[in-house]
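Structure assessment
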Amino acid sequence: MLKRVHFGSSWLPFALVAPQILITVVFFIWPASQALYQSLLVEDAFGLSSEFVWFDNFIELFGDEHYLGTFQRTIFFSFSVAFLSMAFALTLAAMADRVIKGATTYRTFLIWPYAVAPVVSGALWVFMFDPTLGIFTYTLGALGYEWNHKLNGGEAMFLVIVASAWKQVAYNFLFFLAAMQSIPKSLIEAAAIDGAGPTRRFTSIILPLISPTTFFLMVINVVFAFFETFGIIHAVTQGGPAKATEILVYKVFNDGFIGLDLGGSAAQSVILMLIVISLTVIQFRYVEKKVEY
Amino acid sequence: MAEIHLRQVGKSYGEVEVLQGIDWKIGDGEFVVIVGPSGCGKSTLLRMIAGLESITQGEISIGDRVVNDLEPAERDIAMVFQNYALYPHMSVYNNMAYGLKIRGIPKDEIERRVKQTAEILEIGDYLTRAPRQLSGGQRQRVAMGRAIVREPSVFLFDEPLSNLDAKLRVQMRLEIKKLQQRLGITSVYVTHDQVEAMTLGHRLMVLNGGHVEQLGTPIELYERPLTKFVAGFIGSPSMNFLEAKMSEDGSKAHFTGGNSLELPAHLSGHGDRRVSVGMRPEHLLLDENGSNTASATVHVVEHLGADTLVHGTFGNDDGPELVVRLDGIKTIGQDEVLTLSIDPNNIHLFDPDSGKRLNT
């Protein structure tokens with residue numbers, strides 16, 4: 001329970017929250033309401049006039065096979081990114097947790113990727129897997145596999161998943177490590193005395209005890225994959241080939257700014273907004289309550 | 001069932017030596033207590049026996065096996081931790097069954113043993129609860145249960161009572177003692193509390209700064225402390241140490257504040273030197289007709305009911321500080337001058353510099 005603080009004057013508390021409110025209004029409430037309004041309009045091809053059409057944009061969206069396909073693709077993409085980055089981060093954290101010498105250096109190195117901007121991370125992977133000059137393409141070629149994500153949709157998807165997951169590993173690692181280190185040492189020792197080997201201790205003690213963190217990261221990673229991977233996709237595939245890597249956020253951009261269907265694009269962003277809101281609700285509802293110790 | 005044998009055991013972290021030259025043979029079924037102030041290395045020693053800390057010097061054997069290179073799981077021990085270390089995501093039942101499951105014991109056998117242990121510890125009603133739903137004392141019992149159910153050959157206790165309130169601590173102390181008597185399993189108990197040490201242990205090891213100050217039964221430690229440290233550590237309130245000068249023939253000690261006391265007969269030969277005279281508060285008696293008397297000036301009186309603690313100075317106001325424990329309720333006023341007597345055999349003499357005992 002938070003302590004209540006009483007202010008003497010009546011304007012001070014308002015003044016203190018004003019900057020936050022202002023930022024929220026300017027950067028969230030206003031654009032969001034614009035998007036909401038826009039989603040109910042249809043513009044003509046030249047952007048000279050618009051017509052109020054109620055929910056026609058939404059009705060059209062849900063009848064659109066491409067849109068539903070993008071939805072499925074996004075879900076596949078998000079869960080792959082979340083799973084891959086979390087599994088990798090968990091492995092690294094489990095190992096880092098046991099390191100004693102040079103632990104800080106080791107940890108610092110593992111945190112670096114988080115400081116890399118999504119676009120830059122995308123650019124890195126583009127270079128490594130470039131069909132003509134990428135080092136990995138070359139290596140795969142030597143092993144007898146011809147890599148070309150510019151033609152092969154599956155490979156393109158794989159590449160954006162790996163690039164996005166790589167970026168997220170550092171973040172997940174930090175949280176997993178913090179969670180593992182908050183488990184009292186004596187619990188692990190008690191399990192060791194009880195006869196559990198390292199693997200058994202990990203699966204029967206550590207994993208259940210960090211489950212609140214796992215759930216939290218699950219939500220955060222899905223949100224990341226849903227919304228913040230735009231930069232990576234834009235740098236790596238531009239949603240191609242043949243829309244094979246076009247996820248929801250990328251479609252909003254593509255339809256709105258390339259295809260100039262502002263109303264339809266706004267409607268898509270409203271749907272995305274609803275998804276974020278529900279994920280946040282899940283986050284607050286369950287994660288904050290389900291802490292074991 | 002096993003004896004534990006420590007041979008020249010030591011521990012160092014790089015250059016820093018935290019334990020050195022510990023030699024001790026703990027008999028089968030014995031209950032021993034390692035006691036000392038915080039930072040003396042007592043927990044480290046216990047953890048070395050458990051296998052949670054590596055042994056950098058010497059050798060530890062449990063039963064007839066040298067365990068230096070064995071994993072904790074292979075040492076056939078069970079440990080009760082200070083914070084209980086119960087698995088928070090498991091029910092009480094699963095907490096107790098965990099070690100048995102790992103050992104691949106059949107389900108019905110596990111159930112029988114857990115139920116039986118729970119009955120001994122009177123936690124049968126809580127088996128389905130999670131540890132966080134239990135009180136401190138109940139958690140303590142579960143932690144004990146988890147150790148007992150495995151039927152190990154050695155029990156290790158790492159300050160198991162220090163998180164409990166005073167009343168519960170006394171109760172659990174008694175239960176641990178009864179339990180150990182009943183099960184007869186070799187036990188090593190670490191504590192900083194001298195009352196726990198005295199009441200629980202068949203034998204004690206007093207550790208200070210990484211080395212053994214004294215080994216012995218509680219009574220030996222109380223009656224014949226070999227160092228000033230042990231003398232001050234065992235007993236409550238702790239022993240009075242008064243600086244004094246011995247007479248030339250070694251028969252008397254002269255104190256600042258004007259008092260002189262007769263010393264134990266066998267102390268001649270140490271004449272004309274400074275000594276630290278140790279007298280337990282309970283050995284100073286209010287007896288004007290006693291043979292070996294001295295005066296004390298009263299400053300503060302504390303009434304505890306069963307006894308009365310008198311804080312004051314030995315002799316006049318310039319004398320050294322002194323605590324006297326008198327039986328029952330005594331009406332004593334501030335600044336009153338008391339006549340105290342002490343049996344010379346209850347006087348301990350220590351070298352003021354080395355802290356070693358002088359009277360053998």
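Look up: the structure comes first, before these words.
These figures come from a predicted structure and were not determined experimentally. Positions within a chain are numbered from 1, following the residues in the order the chain's sequence is written. To read the labels, note that chains go from A and ligands from 1, taken in the order they are written. In view of the model being predicted, local features appear only for residues whose pLDDT reaches at least 70, and side-chain atom pairs are presented and counted only at 80 or more, with totals across whole chains, interfaces and linings using the full set of residues. Where side-chain values are given, they derive from all heavy atoms of the structure, hydrogens and water being excluded.

Geometry of aromatic contacts follows a simple scheme: Phe, Tyr and Trp rings, the Trp one being its six-membered ring, pair when their centres are within 6.5 Å, and the pair is stacked under 30 degrees between planes, edge-to-face over 60, tilted otherwise. Under the defined criterion, the tally for this structure stands at 24 aromatic pairs over all chains. Aromatic pair Phe226 of chain A and Phe227 of chain A: ring centres 5.5 Å apart, planes at 40 degrees, arrangement tilted. Between buried and exposed lies partly exposed: a residue is buried under 20% and exposed over 50% of the maximum accessible area for its type, with that area taken using a 1.4 Å probe on protein chains only. Phe227 of chain A gets classed as buried once you look at its relative accessible area, which sits at 19%. The ring of Phe241 of chain B carries the charged tip of Lys228 of chain B above its face, separated from the ring centre by 5.3 Å. The ring of Tyr222 of chain B has Arg280 of chain B lying over it, and the distance from NZ or CZ to the ring centre is 4.2 Å. Cation placement over rings: the criterion is NZ of Lys or CZ of Arg within 6 Å of the ring centroid and within 35° of the ring normal.

Turning to the side chain of Thr227 of chain B, a few remarks are in order. Runs of E in the DSSP output that reach at least two residues are strands. Runs of H or I that reach at least four are helices, and both are numbered from the N terminus. Summarising the element assignment, Thr227 of chain B is placed in the loop between helix 7 (218-223) and helix 8 (228-233). Contact between two residues is taken to exist if any of their heavy atoms lie within 4.5 Å; hydrogens are not considered. With residues up to four places along the chain from it excluded, the contact list for Thr227 of chain B reads Glu213, Gln214, Phe350 and Gly355 of chain B.

All right, on to the sheet that holds strand 7 (residues 154-158) of chain B then. The strands that make up a sheet pair up through hydrogen bonds in the backbone, lying either parallel or antiparallel. Residues and elements named next belong to chain B. The strand order 6-7-8-3-9-10 describes an open sheet built from six strands, whose pairing is mixed. Looking at the sheet topology across the chains shown, the edges are occupied by strand 6 (77-80) and strand 10 (211-216). For this sheet, the mean inter-axis angle between neighbouring strands, taken without regard to orientation, is 15 degrees. One ladder, built from five bridges, connects strand 9 (residues 203-208) with strand 10; its direction is antiparallel. When the bridges of strand 10 are listed, Val206 appears paired with Gln214. Helix 5 (residues 166-183) contacts strand 3 (31-35), strand 7 and strand 8 (186-191) of the sheet and is inclined by roughly 160 degrees relative to strand 8. The pairing criterion for strands is at least two bridges between them, as found by DSSP. Convention adopted: a line fitted to C-alpha atoms gives each axis, helices being fitted over their contacting stretch, and angles between N-to-C directions are expressed from 0 to 180 degrees.

Residue and element names in this part refer to chain A. Running from N to C, helix 7 (residues 153-181) and helix 10 (residues 211-228) point in directions that differ by 160 degrees, and their axes come no closer than 11 Å. Judged by the inter-axis angle, helix 7 sits roughly antiparallel to helix 10. In this structure, helix 7 crosses over helix 10, and the sense of that crossing is right-handed. The residues of helix 10 that touch helix 7, namely those facing Ser164, Lys167, Gln168, Tyr171, Asn172, Phe175, Phe176 and Ala179, are Thr213, Thr214, Phe216, Leu217, Ile220, Asn221 and Phe224. Here the term charged refers only to Asp, Glu, Lys and Arg, the term nonpolar to Ala, Val, Leu, Ile, Met, Phe, Trp, Tyr, Cys and Pro, and the term polar to all other amino acids, Gly among them. Class assignment for the residues of the contact of helix 7 with helix 10 results in eight nonpolar, six polar and one charged. Roughly parallel covers angles under 35 degrees, roughly antiparallel covers those over 145, roughly perpendicular covers 65 to 115, and oblique covers all other angles. Two helices crossing with the near one rotated counterclockwise from the far one by less than a right angle form a left-handed crossing, whereas a clockwise rotation gives a right-handed crossing.

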